[in-house]
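Breakdown of the fold
One-letter residues, chain by chain:
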Amino acid sequence: MDYQFRDIEKKWQKFWAENQTFKVENSSDKPKYYVLDMFPYPSGAGLHVGHPLGYIASDIFSRYKRLKGFNVLHPMGYDSFGLPAEQYAIQTGQHPAITTETNINRYREQLDNLGFSFDWSREVRTSDPGYYKWTQWVFMLLFNSWYNLESDKAENIEELIKKFEKSGSSGLRAVCDDDVESFTAQEWNSKSDSEKQKEILKYRLTYLRESTVNWCPALGTVLANDEVKDGYSERGGHPVEQKKMMQWSMRITAYADRLIQGLDTIDWPDPLKEMQRNWIGKSVGALVRFELVGDAYIEVFTTRVDTLYGTTFLVLAPENELVEGLTTEGQKQEIQNYIAQTKKKSELDRMADTKTVSGAFTGSYAKHPISGEAIPVWIADYVLAGYGTGAVMAVPSGDQRDWLFATKFGLPIIAISDAQVDLDVQADPTKEGNYINSGIVNGLKYKEATAKMIAKLEELGAGKAKVNFRLRDAIFGRQRYWGEPVPVYFKDGLPHLIAQEDLPLVLPEVDKYLPTESGEPPLGRAENWKYKGELEYELSTMPGWAGSSWYWYRYMASQEDRNKDVFAPADAISYWKDVDLYIGGSEHATGHLLYSRFWNKFLKDWGYVVEEEPFKKLINQGMIQGRSNFVYRIIDGDGRGTNKFVSYGLKSDYTTSALHVDVNIVQNEILDLDKFKAFRPEFANAEFILENGKYICGVEVEKMSKSKFNVVSPDDIVERYGADTLRMYEMFLGPLEQSKPWNTNGIEGVFKFLRKFWKLAHNDDFNFNVSDDEPSKAEYKALHKIIRKVEEDIERFSFNTSVSSFMICVNELTDLKCNKRKIIQDLVIVLASYAPHITEELWTLLGNAPGTLSVANYPVFNPEYLVENEFSYPISVNGKTRMNLNISLSLSQAEVEEIVLSNEDLKKYLEGKSPKKIIFVKNKIINIVI
RNA sequence: GCUCGGAUGGUGGAACUGGUAGACACGCAGGACUUAAAAUCCUGUGACCCUUAAAGGUCGUGCGGGUUCGAUUCCCGCUCCGAGUACCA
């Protein structure tokens, strides 16, 4: 029989499922290895050919690691809470749980078709109450925690309360809200219960706070910063506005420093680490106080406190609360106009319009903290209310924006360093040179000046060193239905956790998935949904990233562990520890990957997990883009479409309009006309202007989407060529990290390769036929080359090059007519991780017990088979290759030179000159310089 | 603007620490088999020049320089494409 991939693949997929071949135990004498994929959101569209790219790579790696003697955890699950199922529910009334279930089943079927070696017994679904019980549990743990800067970790809130009872707030170093009170132990103890709770809430790692949020009226919810793109929601593209709301937040800022430091300890792509660093946005600087009349003062944040003497004015954000009080009678009109003008500008305009310099003078002056000089106070929209203190000290000689502002409004520009140049043209932010015009730091260099300035400010009580972060606390609530309920109820307006034994707090049924008439979230519609039957629950649900911020630990819990009263048993966590290899897209750089690191560190502080960082090595697979095909409809003189189509190469002779055409009816850009007529019946009688008898389509790279008819489903490819071919082809396409358009054109080559491989062990009548004879030297050489090559390639995630090498190997063995058992058997193991089905079949045909291939031993590379006595040296003259010579590798350089120089053919290139120098690199090249 | 990544035949890509540029595959052209098609197999395929042929030559990895016996690889300066980010003080 010829290579019957359909039967073979179905057979082994069934075998693996029935025998739980890939079920893994939480203990073993083998070393552990944890390979994780970013789990998918099960959307209604199913998988397209781009989704499995990362899964194929991780599966190859997992299978390879098993062959190399590792106990491999390779699980899969679904991030199944989310907006699309809810949107669908709003439109159709269908419960999101049902939609989700349907989609998951479809995903599972598609994944199974590709022969992945997942341990499905460990599957997780974030929308499953047995799972989100533990998401809620983490929320409760965060609520019961505060961040102690002394120990630099999260601690039990009870410890904080004890501290308050014993010594009040004195000496406390904690991450908390800005408006915490100072109090003595006595004052604390005399507070009422609710006053105490209010104060404690300011320290909890998850807390309620009125915050400005990104409110999307169309979606009826709050969005995180990374879910908003240019003022529109990332999902759906609806406009987003700013709104003040009471919101649950997570104090991720407490971990900002550790999140930056941790990046140096993990093996992630540099661009991704850089993105996280920028997102966290650490700036080291100082807070400086400029006094106003009376007790009032303006505090600014600066990263260049050394330039303090260059400050010639202060600028407040128009929204700054101090503005009103600062505005003098005479300036009132101007300031009001400016504020009104700023308000009119949308966030978008304000960002886009960075060239126009605008601002207004308040009429007031502040006092320079050291020199005591009067400094005018302005407002301008280039200062952002949300960053730092919403006020800056303007140093026009050192900062270009300040320079532009000073130039426009005729404010003084003072040089502060003797190294500054061209200050009449632009600002010069140099840190070189010695300070001038700078009072106490004159003559000093940058470092000393900064230190001295901070010391002086501290002495005067006018400032201090300060580290500022761009990172904001993460808002942890959505006014949506399809998410984890927050395990909180309210009593006297204060939040309380439900009892732990009441977990999970199950999502209640509602009649509609829309906000209530009074504008409350959908959970407000649930009937009699009250804690202990009387207390109001929190009505918002958790955001999409909640469930994905710890899921890799749930996989460590085996099926039997799932009923235990813990998210994963301690011994399982101490065995698996962390994820050794994580594969997924870079779009999660500042969302999922940051929140996961945050939760991991938090759980580490409590001792529930053992590693500071959850994902040791991370690889971003590239996006697979769509490759759209077009036909060109001829337009007549009146601008109407005709019933004629012209082939791509001839379209310049006509006026045409391009129409998307289903890529599945186009092969190598040649359109199947009959299928086209079936695809667009209205053109059944169309005329086609062909080139060389063919209709050639145009091509464009676009996002893969249904509307562009460029979606290629893995199911179709599997049906036509088989899963092994698809797996190898996706790898063959190019480097894993690179984004590339999907193109099925080359797939035949991989398919042919697998058939050729199958034929090695079969005779011309397709009967299995291997020989027990001892392989030849050449056969061993071909085998050991591939043993080494695949090992090297997989270890450096260069999957595309090993596919090429497999082709070379099988081509060589075919030329050698090799059907030796000793060769085929080892080759089957080497290829097994890439093409698991065909290799399982051959493995069994070779007489091995069915299903044992996955735990076979990867063959040991023996360099002896690759030892050569001779090498064909390229001989170059002045760097230009002229000829090749076979020369024994055992000869000395002098002997080699003699052989080369005595060669007759070489003489003509030497032009009668004697060589000046001969470069000899063993096993590489010989270069003669004349 | 800043940060990062990239540019190699008709196409996807290979060349790992500087050492025969274009592996492997697609496509294309020609041929074998076939009544025909599919499948399969064989040959050729970077550009240009020279030649009946055999062979040979010149150029060639986005552009311009440099280092080196030798550069796709290292350095300097640019162009274009992609990603992220942005009045962040």
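Reading the values: the criteria
Residues numbered from 1 in each chain as written. Chains lettered and ligands numbered in written order. Predicted model: local features only at pLDDT ≥ 70, side-chain atom pairs only at ≥ 80, totals over all residues. Helix = DSSP H or I, 4+ residues; strand = E, 2+ residues; numbered from the N terminus. Buried ≥ 20, exposed ≤ 12 C-beta atoms within 10 Å, placed from the backbone. Contact = placed C-beta atoms within 7 Å. Near = placed C-beta within 6 Å. Nonpolar A, V, L, I, M, F, W, Y, C, P; charged D, E, K, R; others polar. Pairing = 2+ DSSP bridges. Axes fitted to C-alpha atoms, helices over the stretch in contact; angles between N-to-C directions. Parallel < 35°, antiparallel > 145°, perpendicular 65-115°, else oblique. Domains from an automatic or database assignment. pLDDT = per-residue confidence, 0-100. Expected span 1.5 Å × (residues − 1). Arc of directions from axis to C-beta. Left-handed = near helix turned anticlockwise from the far one by under 90°.

**Thoughts on the overall build of chain A**
- Helix and strand counts for chain A come out as 28 helices and 36 strands.
- In terms of overall dimensions, chain A has C-alpha extents of about 100 × 85 × 80 Å along its principal axes.
- Every one of the 930 residues in chain A was classed for burial, and the buried ones make up 40%.
- Long-range contacts, defined here as pairs at least 24 residues apart, represent 69% of the contacts in chain A between residues at least 6 apart.

**Quick look at the protein's contact with RNA strand B**
- Taken together, the neighbourhood of RNA strand B is formed by 61 residues, with Gly-388, Gly-734, Gly-749, Gly-879 and Lys-924 sitting nearest.
- Per-element accounting of the surface near RNA strand B gives the leading share, six residues, to helix α24 (residues 799-815).
- Partitioning the surface near RNA strand B into residue classes produces 18 nonpolar, 26 polar and 17 charged.

**Description of the sheet that holds strand β4 (residues 153-156)**
- With antiparallel pairing, three strands are arranged side by side in an open sheet as β4-β3-β5. Each edge of the open sheet carries a strand with a single partner, namely β4 and β5 (174-175).
- Pairing between strand β3 (residues 145-148) and β5: two bridges, direction antiparallel. When the sheet's bridge partners are listed, Asn-148 is paired in β5 with Ala-174.

**Considerations on the packing of helix α20 (residues 714-721) against helix α21 (residues 723-732)**
- As a packed pair, α20 and α21 sit with axes 7 Å apart at the nearest point and diverge in direction by 120°. Taken together, the axes of α20 and α21 are oblique relative to one another. Residues Pro-714, Ile-717, Val-718 and Tyr-721 of α20 lie in contact with α21, whose contacting residues are Ala-723, Thr-725 and Leu-726.
- The residue inventory of the contact of α20 with α21, partitioned by class, reads six nonpolar, one polar and no charged.

**Considering the pairing of strand β20 (residues 494-497)**
- With four bridges joining them, strand β19 (residues 488-491) and β20 adopt antiparallel strand pairing. Bridge pairing in β20 links Lys-491 to Leu-494.
- The turn linking β19 back onto β20 is made up of two residues, and Asp-492 within it adopts a positive phi angle of 55°.

**Considerations on unusual backbone geometry**
- A cis amide bond links Leu-503 to the next residue, Pro-504, at an omega of -5°.
- Checked against the element boundaries, Pro-504 lands in the loop between β20 and β21 (530-531).
- Positive phi outside glycine occurs at Asp-422, with the angle close to 55°.
- Secondary-structure assignment places Asp-422 in the loop between α14 (400-409) and α15 (446-460).
- The class for Asp-422 is exposed, based on 8 C-beta atoms found within 10 Å.

**A short note on the domain arrangement of chain A**
- Once the domains are mapped, chain A shows domain 1 (139-274 + 474-537), domain 2 (282-469), domain 3 (624-714), domain 4 (743-864) and domain 5 (868-929).
- The C-alpha-based centres of domain 2 and domain 5 are spaced at 70 Å.

**So, the sheet that holds β19**
- Strand order across the open sheet formed by four strands is β20-β19-β22-β21, with antiparallel pairing between neighbours. The open sheet is flanked by β20 and β21, the only strands paired with a single partner.
- Looking at chain direction, β19 and strand β22 (residues 535-537) are connected through two bridges and run antiparallel. Across the sheet, residue Tyr-489 finds its bridge partner in β22, namely Tyr-537.

**Re the environment of Asn-643**
- If you trace the backbone, Asn-643 turns up in strand β26 (residues 641-646).
- Residue class for Asn-643 comes out exposed when judged on the 12 C-beta atoms lying within 10 Å of it.
- Distance in space between the C-alpha atoms of Asn-643 and Thr-852 is 60 Å, their sequence separation being 209 residues.
- Residues in contact with Asn-643, not counting those within four places in the same chain, are Phe-683, Asn-685, Ala-686 and Glu-687.

**Focus on the confidence of the model for chain A**
- On average, residues of chain A score 88 in pLDDT, and 97% of them are at 70 or above.
- Across the interfaces of the predicted complex, the ipTM metric reaches 0.93, alongside a pTM of 0.89.

**Here we look at the pairing of strand β33 (residues 870-877)**
- Here β33 runs beside strand β34 (residues 880-888); their pairing, made up of eight bridges, is antiparallel. Residue Ser-872 lies in a different strand from β34, and its bridge partner there is Asn-886.
- Two elements, β33 and strand β36 (residues 925-929), share three bridges in a ladder whose sense is parallel. Its bridge partner lying in β36, Ser-876 is registered against Asn-927.

**Thoughts on helix α4 (residues 96-112)**
- Compared with the 24 Å implied by 1.5 Å per residue over 17 residues, the 24 Å span of α4 between its first and last C-alpha is a close match.
- When we look at burial in α4, the residues that qualify are Pro-96, Thr-99, Thr-100, Asn-103 and Tyr-107. The buried residues of α4 occupy one face: seen down the axis, they fall within an arc of 95°. Turned more than 90 degrees away from the buried face of α4, the exposed residues are Ile-98, Asn-105 and Glu-109.
- In this structure, the buried side of α4 is in contact with α3 (83-92).

**As for the environment of Pro-735**
- By the element assignment, Pro-735 lies in the loop between α21 and β32 (740-741).
- As a C-alpha pair, Pro-735 and Thr-801 span 66 residues in sequence and 8.4 Å in three-dimensional space.

**Observations regarding the packing of helix α25 (residues 821-832) against helix α26 (residues 836-845)**
- Remark: α25 packs on α26, axes separated minimally by 9 Å, with the N-to-C direction vectors making an angle of 155°. By the angle between their directions, the pair α25 and α26 is classed as roughly antiparallel. Relative to α26, α25 is oriented so that their crossing is left-handed. On α26, the residues touching Val-828, Leu-831 and Ala-832 of α25 are Pro-836, Thr-839, Leu-842 and Trp-843.
- Along the lines of polarity and charge, the residues of the contact of α25 with α26 split into six nonpolar, one polar and no charged.

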